[in-house]
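Each chain is listed here by its residues.
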Amino acid sequence: MKRMSLVIFLFSILAILAVWSVLDKVYISKAMTVHAPSIAENVKVLIIGDSHAQTALNPAFMSDAISLTFSNENYFFSYYKLKWALEKNNAIKAVILGFSYHNLSQEQERVIKERTFFLEHNFLLLDSCGRRIVKEKSTDLFSYFRLKYEFGMPLNFYNNDLLMINFASDKDEYREKIWGGYKNMSTANLTDEQKRKLVAEKNSKDFKLSPLMFEYLAKIISLCNENKITLYLLNTPIHELYFERYTKETVDNFIRAADSLKKENGAVYLDYQRYLQDDSFFYD
């Protein structure tokens, strides 16, 4: 009798888990379709990249533009976001991508494993190549997100933005949290103390180039070329003290990469690094 009760109990748990998993998949699918950001047919310019582009470019001052930028986002995730956006809107004619000294560095690879909220939001966008890379970085992370999003397992369900957006009263807040967008920085914070900190960090950023970031930048370029989209690589304004943290080797590697991309791939490189000088324009 006890054995029969245990079997019934286990069967009930499995049945509940199965139903819950199916519902999870349904709601997550709605998040990626019904509740995803609307990229209107009139949108012709898409802004992507990390915080440099997120805070420097306000799409409200452009014609038919939208920003899907996200702080700390690397080219691995930007590629899959761009691919997803182009599937939603094939009228895009220009893509503006943040392009600065850190974007091609090995430091950017750490984002895949250490900034897990990107996998939370983008795992379903990854193709087999992207999933292989995640698995190489961490088998545990790959297994976790596969169970959570591919099979709908209710793992850490209360902290699942793709699930919770379905029940949120302010869906725009969740859309920005998941897909990003322009961030208005209305005040500066470059105090004397902050300046002293930057001076102390002079020549401290010695970034080695990442073949993986190069690979995914090349994928972004190819995707734009295939869709007859003009890609603008934008080096946004940075303060002189911020720039001086980079070593000469880091700067030289970046300049060579920028020159190569201009000549061989048709990308348009826009260097606005020194466009603004006054401290009041900078927040970092």
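Scroll up to find the structure this text is about.
Structure report, in brief. Every chain is numbered independently, its residues counted from 1 as its sequence is written. It should be noted that, the model being predicted, local features are given only for residues of pLDDT at least 70 and side-chain atom pairs only at 80 or more, the latter also being counted only at that level, while totals for whole chains, interfaces and linings use all residues. Neither water nor hydrogens contribute to the side-chain values; these are computed over all heavy atoms in the structure.

1. Points about a nonpolar patch on the surface
- Like charges are joined within 9 Å and nonpolar side chains (Val, Leu, Ile, Met, Phe, Trp, Tyr) within 5 Å, but only among residues with over 30% relative accessible area and no salt bridge; these make up the patches. Method for areas: the Shrake-Rupley scheme with a 1.4 Å probe, in which residue coverage is limited to the protein chains shown. Between Lys or Arg on one side and Asp or Glu on the other, a salt bridge is scored when a side-chain nitrogen of the former is within 4 Å of a carboxyl oxygen of the latter. A cluster of nonpolar side chains, namely I16, W20, F157 and Y158, defines an oily patch on the protein surface of about 440 Å² accessible area.
- Each helix corresponds to a stretch of at least 4 residues labelled H or I by DSSP, and each strand to a stretch of at least 2 residues labelled E; elements are numbered beginning at the N terminus. With respect to the secondary-structure elements, Y158 resides in the loop between α7 (139-150) and α8 (161-164).
- A residue is classified by how much of its surface remains accessible, and Y158, at 61% relative accessible area, is exposed. Only protein chains enter the accessibility calculation, which uses a 1.4 Å probe; a residue whose area is less than 20% of its type maximum is buried, one above 50% is exposed, and one in between is partly exposed.

2. Some details on the side chain of H102
- Residue position: H102 is located in the loop between β3 (94-98) and α4 (110-114).
- Those residues in contact with H102, other than ones at most four positions away along the chain, are D50, H52, Q108, F207 and Y246. We call two residues contacting when some pair of their heavy atoms lies within 4.5 Å.

3. Topic: the packing of helix α6 (residues 128-137) against helix α11 (residues 211-226)
- To get an axis, fit a line to the C-alpha atoms, keeping to the stretch in contact for a helix; angles then go from 0 to 180 degrees between the N-to-C directions. Running from N to C, α6 and α11 cross one another at 165 degrees; their axes reach a closest spacing of 13 Å. As judged from the angle between their axes, α6 and α11 are roughly antiparallel. Crossing hand, α6 versus α11: left-handed. For the pair α6 and α11, contact is made by C129, G130, I133 and K137 and by L212, E215, Y216 and K219, respectively.
- For the contact of α6 with α11, the class distribution of residues is 4 nonpolar, 1 polar and 3 charged. Angles below 35 degrees are treated as roughly parallel, those above 145 as roughly antiparallel, those between 65 and 115 as roughly perpendicular, and all remaining angles as oblique. By the definition used in this description, the sense in which the near helix is turned from the far one sets the handedness, with an anticlockwise turn below a right angle giving left-handed and a clockwise turn giving right-handed. Side-chain classes follow a simple rule in which Ala, Val, Leu, Ile, Met, Phe, Trp, Tyr, Cys and Pro form the nonpolar group, Asp, Glu, Lys and Arg form the charged group, and the remainder, Gly included, forms the polar group.

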